[in-house]
Amino acid sequence: MFSKPEPAGSKRDRTRALIVETALQSFRERGYDATTIRHIASEAGVSVGTTNYHFASKNELVQEFYLEVQQAHRAAALPRLESSRDLKERLAIVFHTGLDQLTPTHHHAPEFLTAAVSPRSSINPLSPESNASLAIVENLFRTAVEGADHKLPADIAEALPGALVLSHLLLAMYWVYDDSDEQAKTRRLLDRGMSLLAMALPLARLPMLRRPLRELLDLIAEARS
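First things first, this report covers the structure right here in the doc. (Residues numbered from 1 in each chain as written. Predicted model: local features only at pLDDT ≥ 70, side-chain atom pairs only at ≥ 80, totals over all residues. Heavy atoms only, no water.)

## Overview of the nonpolar core
The tendency in soluble globular proteins is for nonpolar side chains to be buried side by side. Grouped together as the largest cluster of nonpolar side chains are 55 residues, with contacts concentrated most on F27, L61, L91 and F141. Breaking this core down by element, the ones donating at least two residues are α1 (11-34), α2 (37-44), α4 (58-81), α5 (87-102), α6 (109-116), α7 (131-146), α8 (154-177) and α9 (184-200). The element contributing the most residues to this core is α8, with 13 residues. Apart from the residues within four sequence positions on either side, F141 is in contact with L91, V94, F95, P161, L164, V165 and H168. (Core = buried A, V, L, I, M, F, W, Y, C linked by side-chain atoms within 4.5 Å. Buried < 20%, exposed > 50% of the residue type's maximum accessible area, 1.4 Å probe, protein only. Helix = DSSP H or I, 4+ residues; strand = E, 2+ residues; numbered from the N terminus. Contact = heavy atoms within 4.5 Å.)

Pasting the structure below:
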């Protein structure tokens, strides 16, 4: 059984925190498939009924896992963003630190993807249940854009973070299938993509390209809604 510090708060809050901590450690070490409500309850030293009282399903605990990963992403990215005002570098920081947080779970990532791929899955990254964790990612991209020295039109800069969130999700999906050492192919793909983006974004200042780019960003935003 895992050794855990005693959480503060009411008994109810302590029990809930213990269940969450146990589930998150199990997801990291055992993966999605082997982590069951019964296993979580046993490791936490509570009954299955108590676990179900706090969390109606395993997938509710997966959302806690998503939040933990993205909170760690934010904690890793924000200090590094202070080191640069270059837009390309700042966006690359958000992407790379996001991959860094996923790396320890790569062995079990296909299990989570299989469970999440259905549009009806409550752990689909675009599901309403995933909004809180996805908002952290979008806010990181927004911080990266707003703190950069660039000459993008205001409407393009405003719409860009939402589109980058989808890029982040697509990159993560590619990462799941990447069996190269330390997922080096994913990192190369990201770096090349950032170089292309750095060349393409200044073109948004040209009147003939600004409108179609804005329409593309609006289309991406509609696809997320």
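## Topic: the layout of surface pockets
The volume enclosed by the largest pocket comes to roughly 710 Å³. Counting residues per element, the lining of the largest pocket draws most heavily on α8, which supplies eight residues. Across the lining of the largest pocket, the residue classes tally to 20 nonpolar, six polar and no charged. Forming the boundary of the second largest pocket are 18 residues, of which F95, L164, S167, G193 and L197 lie nearest the centre. Of all the elements in the fold, those that place two or more residues in the lining of the second largest pocket are α8, α9 and α10 (207-224). Its residues placed into classes, the lining of the second largest pocket shows 16 nonpolar, two polar and no charged. (1 Å grid on protein atoms, 1.4 Å probe; cavity = no way out; pocket = protein on both sides within 12 Å on 5 of 7 lines; lining within 4 Å. Points joined across faces, edges and corners; volume = space filled by probe spheres on them. Nonpolar A, V, L, I, M, F, W, Y, C, P; charged D, E, K, R; others polar.)

## A closer look at the packing of aromatic side chains
Enumeration according to the criterion identifies five aromatic pairs in this entry. A ring pair is formed by F27 and F65, whose centres lie 5.6 Å apart and whose planes are at 45°; its orientation type is tilted. Here F27 is found in helix α1, whereas its partner F65 is found in helix α4, with 38 residues between them in sequence. The exposure class of F65 is buried, given its relative accessible area of 6%. Ring-pair connections join several aromatic residues into one group, and the members of that group are F27, Y32, F65 and F112. Its end group placed over the ring of Y32, K58 keeps NZ or CZ at 3.8 Å from the ring centre. (Phe/Tyr/Trp six-rings, centres within 6.5 Å; stacked < 30°, edge-to-face > 60°. Lys NZ or Arg CZ within 6 Å of the ring centre and 35° of its normal.)

## Some thoughts on unusual backbone geometry
Positive phi, normally seen in glycine, also occurs at E182, with a value near 55°. Tracing the chain through its elements places E182 in the loop between α8 and α9.

## So, the environment of K11
Tracing the backbone shows K11 in helix α1. C-alpha of K11 to C-alpha of R187: the two residues are 176 residues apart in sequence and 44 Å apart in space.

## Observations concerning α1
With 24 residues, α1 extends just 28 Å between its outermost C-alpha atoms, more than 12% less than the 34 Å of an ideal straight helix rising 1.5 Å per residue. Of all the bends in α1, the greatest, near 90°, is centred on R28. For α1, the complete set of buried residues consists of T15, I19, V20, T22, A23, L24, Q25, S26, F27, G31 and Y32. Those residues of α1 that are buried are in contact with α2, α3 (48-54), α4 and α6. (Expected span 1.5 Å × (residues − 1). Bend = angle between axes of the 7 residues up to and from the residue.)

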